[in-house]
Amino acid sequence: MVTTLPDPALVPPPPAALRLRLDAAALAENWRALARMSGAAATGAAVKADAYGLGAARVVPTLAAAGCRDWFVAHWSEVPDVIAHVPAGQVAVLHGPLNAADVAFALRTGVRPVLNSLEQVARWHEAGGGACHVMVDTGMNRLGLAMADLGHPLLARIDIDLVLSHLASADEDTAQNAQQLARFAQVRSALPGRRYSLANSAGIALGADYHADLTRPGIALYGGIPRRDFAGTIGQTAYPEAAVVQVRALQPGDRVGYNATFVADRPIRAGILATGYADGYLRCWSNIGAFSFRDKILPVLGRVSMDLVIVDLSAAPECGEGDWVAIDYALPAASAASGLSQYELLTLLGRRFSRSADFNAIR
Ligand SMILES: *Cc1c(COP(=O)(O)O)cnc(C)c1O
């Protein structure tokens, strides 16, 4: 009898040893809290970078169900993952149309470009583009038309839905916020749009003057605390976990990991975990990071490797091979411990983390 093996490329891989759990209820609750703080303004969502690494396929439907109707991505390549779940006309591309291919894609899909320069305005106008958004720079010197461009006649000939600007330092108490707000008031009187939008997450906490018609939170949706105002209101949503792939018994004097930066001073039951800096668990966590198993703390021993981390299992003798352990990833504390920003902590988490919905229900 001849047995034919299936095409190996078609055999589904076994479940990953690395997963990123999402607390969808906390995500929806964060959006509702930001919507309440936004007062009369509508509340959108920045879902660029695959929803800050959490997975647009899970985040967008969750926020749409909560009531979100405005979505912001950076790249055109990010559009398909969002319009798979929401109407294209709700989606804005912040980087704007850099060439004819971008314009053609916007026209075919109905996604709204954010025009950032007079060149982009001309490109959109010449293509007969419909409703669009316009970004104006009010002092960050990043993307957007200059204040001096606002009188240009071309701007009167395009159909502007949303006029945006972006705050550079809303997470600080600095005079720059009020300066940008004053310039935004000038923008509003010079440029006719149907709606106006200035505030990111931190800007929402600056008060009603900053809310305009639409706020655009990102980091706070996902559990980041960019200002103290959000503590107690915003909850953690992202729970990265790794499986224990091996357990070993260390003796006093045993050296651990690359370059032996940890040496056991007592017998230690060590767990080897299936994650490392290739997954965004960077080497800065070497000897300072921690994982947990059922609330027991498991400190990192020695250097973080590319694909592996070694932890001290002493506090959790019941934890063994195949068990899931959670990375300590409460964003404000993890940021303070690592020196990485809360934004970096989320967007670093790599593609080897399974973001499947199978373990979505976390409470
Ligand atoms: C990323 C981004 C946001 C969201 O900022 P957060 O600080 O994450 O709330 C809003 N607006 C623009 C233009 C952005 O680029």
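Residues numbered from 1 in each chain as written. Predicted model: local features only at pLDDT ≥ 70, side-chain atom pairs only at ≥ 80, totals over all residues. Heavy atoms only, no water.

(A) Region of interest: the pairing of strand β18 (residues 324-327). Where strand β11 (residues 238-250) and β18 come together, 3 bridges link them in antiparallel fashion. Bridge assignment links Ala242 to a residue of β18, and that residue is Val325. Sheet analysis places strand β15 (residues 290-293) next to β18, joined by 2 bridges and oriented antiparallel. Along β18, the bridge assignment pairs Phe291 with Ile327. (Pairing = 2+ DSSP bridges. Helix = DSSP H or I, 4+ residues; strand = E, 2+ residues; numbered from the N terminus.)

(B) Molecular detail of the domain arrangement of the chain. Domain parsing of the chain yields domain 1 (24-230) and domain 2 (238-362). One C-alpha centre belongs to domain 1, the other to domain 2, and the line joining them spans 36 Å. At the interface, 12 residues of domain 1 touch 11 residues of domain 2. Interface of domain 1 and domain 2: buried area, both sides summed, is about 1,100 Å²; carbon and sulfur atoms make up 60% of it. Summed over the three residues of domain 1 that lose the most area to domain 2, namely Tyr52, Arg58 and Ile219, the buried surface amounts to 46% of that side. The interface formed by domain 1 and domain 2 includes 0 salt bridges. Seen at the junction of domain 1 and domain 2, the total is 3 residue pairs in polar contact (both at pLDDT 80 or more). (Domains from an automatic or database assignment. Contact = heavy atoms within 4.5 Å. Buried area = accessible area lost by both parts, 1.4 Å probe. Salt bridge = Lys/Arg side-chain N within 4 Å of Asp/Glu carboxyl O. Polar contact = N/O pair within 3.5 Å; in protein donor to acceptor, adjacent residues only side chain to side chain.)

(C) Local environment of the packing of aromatic side chains. If you walk through the whole model with that rule in mind, you get 6 aromatic pairs. Look at Tyr281 and Trp285: their rings are 5.6 Å apart centre to centre, the planes differ by 5 degrees, and that puts the pair in the stacked class. What makes Trp285 buried here is its relative accessible area of 3%. An aromatic cluster is built from Tyr52, Tyr222 and Tyr343, whose rings are joined through pairwise contacts. Across the ring face of Trp324, the terminal group of Arg19 is positioned such that the distance to the ring centre comes to 4.1 Å. (Phe/Tyr/Trp six-rings, centres within 6.5 Å; stacked < 30°, edge-to-face > 60°. Buried < 20%, exposed > 50% of the residue type's maximum accessible area, 1.4 Å probe, protein only. Lys NZ or Arg CZ within 6 Å of the ring centre and 35° of its normal.)

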